[in-house]
Structures are given as C-alpha cells and as structure tokens.
Amino acid sequence: MYETNGSCIYYSEDIKVSVERTFVAIKPDGVERGIIGEVIKRFESRGLKLVGMKLMKLSNEKAQEHYGEHKGKPFFDGLVSFITAGPIVAMVWEGKGAIALCRSTIGATNPAQAAPGTIRGDLAVEIGRNVVHGSDGPESAKREIGIFFSESEVCAEWPRAVDKWVSE
Ligand code: DAT
Ligand code: MG
C-alpha cells in the first residue's frame, strides 16, 4: 500500500520507510553526445528506481522557472540558452535518501573538481557543460518534479521485488 505525501512515499505495511523522490535531468549536451544510457545506468546500478521519464525540449519560460534561484547571476542567461538548446531527458528517481544519493552520483557542480567515479567527474570537463541536473533538497525536488511532471506521469504504484535487496 502506498500513501503519497509530497515528494515522499510511505510503505505502510509492517514497516514504515520514508522514500524520497528527486528530479534529475540529462542536459542537451548529454543527449547530443549520446550518453543518455551511460547516465541512466549510473542511477539504475546504484539501486534507485526510475518512476518518471520523458524526452522534451524546454521552453524559455520553463527554463527560467526551473533555474529561478539563479536569476540575476552572471551565468543565468547562458544557462537558460544552454538548457533550451536541444532536448533534455527529464526523470524522477525514487529511493531511500534519493536526493543525496543522486547528488553524490552526479558529483560536484564544476566537472573539473568532480571526483572520478561521479557522472561529472567521468563524463564532463566544464561547468557550463556538466551533463546532468539533480535537485539539491526536498523543497527543490518537490518544486522541480512539479514543473516537469503531472501526477499521472509519475508511476507511484510500482513495487519492485528487488527493493528488499537494495534497502533494509
Ligand atoms: P548544480 O547543478 O550542481 O546544482 P547550481 O545549482 O549551483 O549547481 O547551478 C546550476 C547550474 O548553473 C550548474 O549546473 C552549472 C551552472 N553554473 C553554476 N555556477 C556557475 C558558474 N559560476 N559559472 C557558470 N555556470 C555556472
Ligand atoms: Mg542546483
């Protein structure tokens, strides 16, 4: 049984585990470079569950809304042009601690400083071409999922048998 509560889901049987959702996007550089599968593989292999995904081209308005926290910064216009320059892969990933797990899988904002083994540390070299986006906290996760996905586009009821081998 699932009860949804914002970006969290509670499995309400004998155990009650809080499961987070987070928004992840493969940016136009990752799509154009043909590394969609490579990026998705990192999250799948980690044990996270994909509960929403679509290939889409962002409008200027949606891009400005998504990156609203950066409005006014010197890189804002370039960031909006970049994210709208081609299709992105918008995704929702779910799991225990999914927000922090996705951020650590993605790596530091500047690929030049990102640790090897992370997506940015392995697949990118520059801050303006850093391949992937991931929500940085529960509030941004909820906000960003809401920008890109309607409720019916997220697969809420999808229990996986493997989940017991991923999380205790
Ligand atoms: P992150 O994507 O790691 O959450 P962020 O939210 O601080 O990083 O910034 C959003 C994006 O904006 C980031 O992925 C790349 C770009 N960006 C951030 N800081 C920048 C800078 N100093 N110069 C150029 N682009 C920058
Ligand atoms: Mg950010």
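For the structure, see preceding data.
Residues numbered from 1 in each chain as written. Chains lettered and ligands numbered in written order. Predicted model: local features only at pLDDT ≥ 70, side-chain atom pairs only at ≥ 80, totals over all residues. Heavy atoms only, no water.

Caption draft 1: Region of interest: helix α4 (residues 76-83). By the burial criterion, the buried members of α4 are Phe76, Leu79, Val80, Phe82 and Ile83. The buried residues of α4 occupy an angular sector of 160° when the element is viewed end-on, so they sit on one face. Of the surrounding elements, those touching the buried residues of α4 are α1 (28-32), α3 (60-66) and β5 (88-95). (Buried < 20%, exposed > 50% of the residue type's maximum accessible area, 1.4 Å probe, protein only. Helix = DSSP H or I, 4+ residues; strand = E, 2+ residues; numbered from the N terminus. Arc of directions from axis to C-beta. Contact = heavy atoms within 4.5 Å.)

Caption draft 2: Focus on the site of ligand 1. In the vicinity of ligand 1, the contacting residues are Lys27, Tyr67, His70, Phe75, Leu79, Arg103, Thr109, Arg120, Ile127 and Asn130. Contact distances for ligand 1 include 3.1 Å between an oxygen atom and a side-chain N or O atom of Arg120. One nitrogen or oxygen atom from the side chain of Asn130 is found 2.8 Å from an oxygen atom belonging to ligand 1. (Near = heavy atom within 4 Å. Polar contact = N/O pair within 3.5 Å; in protein donor to acceptor, adjacent residues only side chain to side chain.)

Caption draft 3: Inspection of the pattern of salt bridges at higher detail. Under the definition given, this model contains seven salt bridges. One salt bridge in this structure joins Arg42 and Glu38, with 2.9 Å as the shortest N-O distance. Taken together, the residues span about one helical turn, with Arg42 and Glu38 both in helix α2 (residues 36-46) at a distance of four residues. Exposure remark for Arg42: the relative accessible area of 19% places this residue in the buried category. In this structure Glu38 comes out as partly exposed when scored by relative accessible area, which is 31%. Residues Lys49 and Asp163 are paired through a salt bridge, measuring 3.8 Å at the closest nitrogen-oxygen approach. With Lys49 in strand β4 (residues 49-56) and Asp163 in helix α8 (residues 163-166), this residue pair connects regions lying 114 residues apart in the sequence. According to the relative accessible area criterion, Asp163 is partly exposed, its value standing at 22%. If you follow the salt bridges from partner to partner, you end up with Arg21, Lys49, Glu94, Arg160 and Asp163 in one network. (Salt bridge = Lys/Arg side-chain N within 4 Å of Asp/Glu carboxyl O.)

Caption draft 4: Looking closely at the side chain of Arg120. If you trace the backbone, Arg120 turns up in helix α6 (residues 119-123). If near-sequence neighbours (up to four positions away) are discounted, Arg120 is found in contact with Lys27, Ile106, Gly107, Ala108, Thr109, Pro111, Ala114, Asn130, Val132 and His133.

Caption draft 5: Structural context of the side chain of Glu144. In this fold, Glu144 is placed in helix α7 (residues 138-148). One buried charged residue, Glu144, remains without a salt bridge, the closest side chain of opposite sign being Arg143 at 4.1 Å. Of note is the side chain of Glu144, whose polar atom sits 2.9 Å from the side chain of His133. In this view, Glu144 contacts Phe23, His66, His133 and Ser135; residues no more than four positions away in its chain are not counted. (Lys, Arg positive; Asp, Glu negative; His and termini not counted.)

Caption draft 6: The arrangement of the packing of aromatic side chains in detail. Tallying each qualifying case throughout the model produces two aromatic pairs. Centre to centre, the rings of Phe23 and Phe148 are 4.3 Å apart; their planes meet at 20°, and the pair counts as stacked. Taken as a pair, Phe23 in strand β3 (residues 16-26) and Phe148 in helix α7 lie far apart in primary sequence, 125 residues in all. The exposure classification of Phe23 matches that of Phe148, with both residues buried. Aromatic pair Phe43 and Trp93: ring centres 5.5 Å apart, planes at 35°, arrangement tilted. (Phe/Tyr/Trp six-rings, centres within 6.5 Å; stacked < 30°, edge-to-face > 60°.)

Functional significance is not addressed by these values, which are geometric in nature.
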